[in-house]
Amino acid sequence: MSLFRVMEIASTGMSAEGVRLNTTASNIANANSVSSSYEDTYKARHPVFAAQLQKATDDLSKGSGVQVLGIVESPKPLQIEYSPGHPMADENGYIYKPNVNVIEEMADMLSASKSYETNVQLADTTKRIFRRVLQLGRGQ
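Residues numbered from 1 in each chain as written. Predicted model: local features only at pLDDT ≥ 70, side-chain atom pairs only at ≥ 80, totals over all residues. Heavy atoms only, no water.

## Considerations on the side chain of Lys43
We count it as follows: Runs of H or I in DSSP of at least four residues are treated as helices and runs of E of at least two as strands, each being numbered from the N terminus. In this scheme, a residue with accessible area under 20% of its type's maximum is buried, one over 50% is exposed, and one in between is partly exposed, where area comes from a 1.4 Å probe on protein chains only. For this count, His and the chain ends are skipped, Lys and Arg are scored as positive, and Asp and Glu as negative. Salt bridges are defined by distance alone: a side-chain nitrogen of Lys or Arg within 4 Å of a carboxyl oxygen of Asp or Glu. Counting of polar contacts relies on pairs of N or O atoms within 3.5 Å, with two restrictions inside protein: one atom must be capable of donating a hydrogen and the other of accepting it, and residues adjacent in sequence are counted only when both atoms are side-chain atoms. In this analysis, two residues are considered to be in contact whenever any of their non-hydrogen atoms come within 4.5 Å of each other.
Locating Lys43 in the fold gives a position in the loop between helix H1 (3-29) and strand E1 (45-53). Buried within the structure, Lys43 lacks any salt-bridge partner; Glu73 is the closest side chain of opposite charge, at an N-O distance of 5.2 Å. At 3.1 Å, the side chain of Lys43 forms a polar contact with the backbone oxygen of Tyr38. Here Thr41 takes part through its backbone oxygen, which lies 3.0 Å from a polar atom of the side chain of Lys43. With sequence-adjacent residues up to four places away left out, Lys43 is seen in contact with Tyr38, Glu73, Leu78 and Asn99.

See the structure below:
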């Protein structure tokens, strides 16, 4: 596998983890929102990743990258609370809250951050190897 391919794989990983971080941040930002209807309530979102194998060859030594297939809404049920005095309550006195678990989101954010950091370190190490190879080529 060439060093250029390693950089490409690391960059797809950083891009995917960036999407994951942004999605998690959006979930946390909307965790305390309230709505007066089920349809209008924010639903937690999560990115779906897939390995993107080198399409030009069946040789797995060429490596693979990460592809974001899309962002899906969580199937977990929304929180429904009886609060007739709330200004956002529906005609039956219920308010609807997102299905966001802030603790899970924080754990996911830490995981995404560490994965992003690992890809940055991989790219940095590859860059140092490039420099060293160039120095060897100059006879240093």
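## Here we look at the pattern of salt bridges
Within the structure shown, the criterion is met by nine salt bridges. A salt bridge links Glu17 to Arg20; its shortest N-O distance comes to 3.0 Å. Here Glu17 and its partner Arg20 are both found in helix H1, three residues apart, which amounts to about one turn of the helix. Two residues, Arg45 and Glu73, come together in a salt bridge whose shortest N-O distance is 3.7 Å. Of this pair, Arg45 sits in strand E1 while Glu73 sits in strand E2 (residues 64-73), and the two are 28 residues apart along the sequence.

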